[in-house]
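# Tertiary structure, described
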Amino acid sequence: MTSAAFVGYGTIVRKETVRIVRIWTQTILPSVISQTLYFAIFGGIVGARIGHMGGSSYTAFLVPGLVMMSAITNAFSNVASSFFGAKFQRSIEEILVSPMKPWAVLAGYVSGGLVRGVAVAAAVFLVSVAFVRPHVTHMGALIFFIFVTCLIFSLLGFLNGLLARKFDDVGLIPTFVLTPLTYLGGVFYDLNVLPPFWRAVSHANPIVYMIDGFRFGFTGTAVTSVLGSAGILVVVAGVLIVLTLALLRRGFGLKQ
Amino acid sequence: MTNALTITDVRKTYKNGTEALKGVSFGVRGGEMLALLGANGAGKTTLIGILCGLVTKTGGSAEVFGVDIDAHPEQTRSMIGVVPQEFNFNIFERVGDIVIDAAGYYGIPRSVAAPRTETILKRLGLWDKRDAVGRTLSGGMKRRLLIARALVHEPKLLLLDEPSAGVDVELRRGMWEFVVDLNAHGTTIILTTHYLEEAERLCKRVVILKRGVVVQEGEIAELVRASGAKNLEDFYLRV
C-alpha cells in the first residue's frame, strides 16, 4: 500500500467512523434497543417456557444469533446508505476526481461497515450479559465469523449502493432479502428441530453457516461443518471483492 | 514549454445516442488562463468531466502536462483541480472537514492539509465558517467552498466550470481577484462562463464550442479585431 493510498483509505475510514459516532442514535442505539427487547421477551418470558435448545438455555442459545443479526444488518446498511448517499448528493465525485485507487475506495467504505457491524455486535453482546452469563469456547471462531460476516455484508452493501438508482433500491434488499434469510437462518431455533425437508432447504441459506459458525464459538457444537463454512465464506468474500472492484474500476453506476 | 493540456480529436457519445463532443482538439499553454465558451449543451461540461475522470470518452486522447489521462489517470488527476458547476459536497459535513478530507483523497495527510486549509479558507473569506455545515452556507459561500476544495492539493491545472454562476457582483469581483492571483503564481486555468465581459477581461485566449465542435480558437483581441466585432460578446454572437 503506497502512503498516498493509505492516507486516502484512512480519510474514508475516519469519515465513516465519525459519522457512525456522531449519529449513534441512528447507527448503534436502534439495534441495541430491539435486541434488548428480543432478549427480554424471547429469552426471559418465552424462553423460560421453552427450556433448553441446542444444548443450552434458550436465552444463551439466542445470544449468538441476535449478535450476528445485528452485525449483518448494520454492516450492510452502513455501507449501502453511506455510499448511495454520497452518490445521491454527488459528493462521491470528490473521490472520483481524485487519484485514489478503486481498491482503496472499496477498502475504506467496507472498513466503515466493519466498524459499525462489530461495534453494534459488541454492544448487543454486552446487553446479553444482563440476561445470561456468556460462555466462550472458541474465541478464534467468534472473531473469524463476526469479521468475515461483516466483511461479506459490507461488500454486499457496497454493491447495493453502487447498483441502486434511487433510495428505494437501498431499502429493498434489507426488507426482502436480509430479514427473511436472517430470521430463517437459525437465530431463534436449532436447525435440528426442523423436519428433514426444511432442514435441507435451510442449508441453502448462507446466513445459516455464519450464525452456526459464530454459535460454535460459544457452545463448541455446530450443525454444519465449521471449517467447511469458514472456507466457503472466505471464497464468497473473495468473489465479492473481485466483482465489486471490477465494477468500481469500470465506474459502473458512477461515470457517464 | 509543455502544453498544460493537449486535447486531440476527443469524442463523446452518450448511451442515449447524444453526440456531445464530435472530435474536439485544442491546446492550452502552461500558465495561461483560457476561456472555454459555448452555449448550454455545447459540450463544455462533458469535456471537463472527461479530463477529471467523471465521464468516459468514446474517442480521441488528452494529455495533462504531457501525461496521457488514460495511461496514467492517477498522475493526471493529481495535477487537476476542478470546480464543478453544481454543488457536489456533503451538505451535512463541516466546511473545514470537507476541504481537509478532499486533501486526504489526494494522499495529503491531515497534518499538512490542516494549515493549508486554514490559509485557503482565510483567503476565500470562509475561515469563520469552518465549523458550519455545508447546507447552512449561502450560494456564494458554497461556490467559494468548491474553489477551496479544488485548491487544497495545489493543482497545476484548475478547471473552473461556471464558478461565478449565482454569485453577486461584489463576491464575483473578489473571486476573480483570487483566480487572477492564482494564475499569476503559475496555475494554468480553464474557465467556462456565460459572463463574456469577464472572460474577455481575465483571459487572453478563447476556445468556442458549438454543438460539440470547436468553431473558434485564438487570441481574444485578435479574433475580435479581425472579425470587426465590438468585443468578445459581439464576436461570440456572430459565431
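Residues numbered from 1 in each chain as written. Chains lettered and ligands numbered in written order. Predicted model: local features only at pLDDT ≥ 70, side-chain atom pairs only at ≥ 80, totals over all residues. Heavy atoms only, no water.

## Side note on the interface of chain B and chain A
For interface size, the figure often reported is the accessible area lost on association. Counting residues at the interface gives 29 residues for chain B, matched by 22 residues for chain A. Of the roughly 2,400 Å² buried where chain B meets chain A, counting both sides, 51% is carbon and sulfur surface. For the interface between chain B and chain A, the tally reads four salt bridges. Note that Arg149(B) and Glu94(A) form a salt bridge whose closest N and O atoms lie 2.9 Å from each other. Counting the contacts that link chain B with chain A gives 13 residue pairs in polar contact (both at pLDDT 80 or more). Those elements that place two or more of their residues in the side of chain B that touches chain A are helix H2 (73–79) and helix H3 (95–105) of chain B. Broken down by element, the residue count for the side of chain B that touches chain A peaks at four residues, all from H3(B). Grouping the constituent residues of the side of chain B that touches chain A by class yields 14 nonpolar, seven polar and eight charged. (Contact = heavy atoms within 4.5 Å. Buried area = accessible area lost by both parts, 1.4 Å probe. Salt bridge = Lys/Arg side-chain N within 4 Å of Asp/Glu carboxyl O. Polar contact = N/O pair within 3.5 Å; in protein donor to acceptor, adjacent residues only side chain to side chain. Helix = DSSP H or I, 4+ residues; strand = E, 2+ residues; numbered from the N terminus. Nonpolar A, V, L, I, M, F, W, Y, C, P; charged D, E, K, R; others polar.)

## Regarding the sheet that holds strand S6 (residues 80–83) of chain B
Residue and element names in this part refer to chain B. If you walk across this open sheet you meet the six strands as S6-S7-S8-S3-S9-S10, and the pairing is mixed. Of all strands in the sheet, those bounded by a partner on one side alone are S6 and strand S10 (213–219). In this sheet, neighbouring strand axes are inclined to one another by 15 degrees on average, regardless of whether the strands run parallel or antiparallel. Both strand S3 (residues 33–37) and strand S9 (residues 205–210) contribute to a ladder of four bridges, which runs parallel. Counterpart to leucine 36 in the pairing with S9 is valine 207. The strands that helix H6 (residues 169–184) touches are S3, strand S7 (157–161) and strand S8 (188–192); relative to S8, the one it contacts most, it runs at about 145 degrees. (Pairing = 2+ DSSP bridges. Axes fitted to C-alpha atoms, helices over the stretch in contact; angles between N-to-C directions.)

## Quick look at the environment of Ala86(A)
With respect to the element layout, Ala86(A) can be found in helix H4 (residues 58–89). Sequence separation between Ala86(A) and Gly161(A) is 75 residues, and the spatial gap between their C-alpha atoms is 9.3 Å.

## Section: helix H1 (residues 3–22) of chain A
End to end, H1(A) covers 28 Å across 20 residues, agreeing with the expected 28 Å (1.5 Å per residue, within 8%). Within H1(A), the full set of buried residues consists of Ala5(A), Val7(A), Gly8(A), Tyr9(A), Thr11(A), Ile12(A), Val13(A), Lys15(A), Glu16(A), Arg19(A) and Ile20(A). Contact partners of the buried residues in H1(A): helix H2 (24–27), H4, helix H5 (93–96) and helix H6 (102–128) of chain A together with H3 of chain B. (Expected span 1.5 Å × (residues − 1). Buried < 20%, exposed > 50% of the residue type's maximum accessible area, 1.4 Å probe, protein only.)

Treat this as a map of the structure, not an account of what it does.
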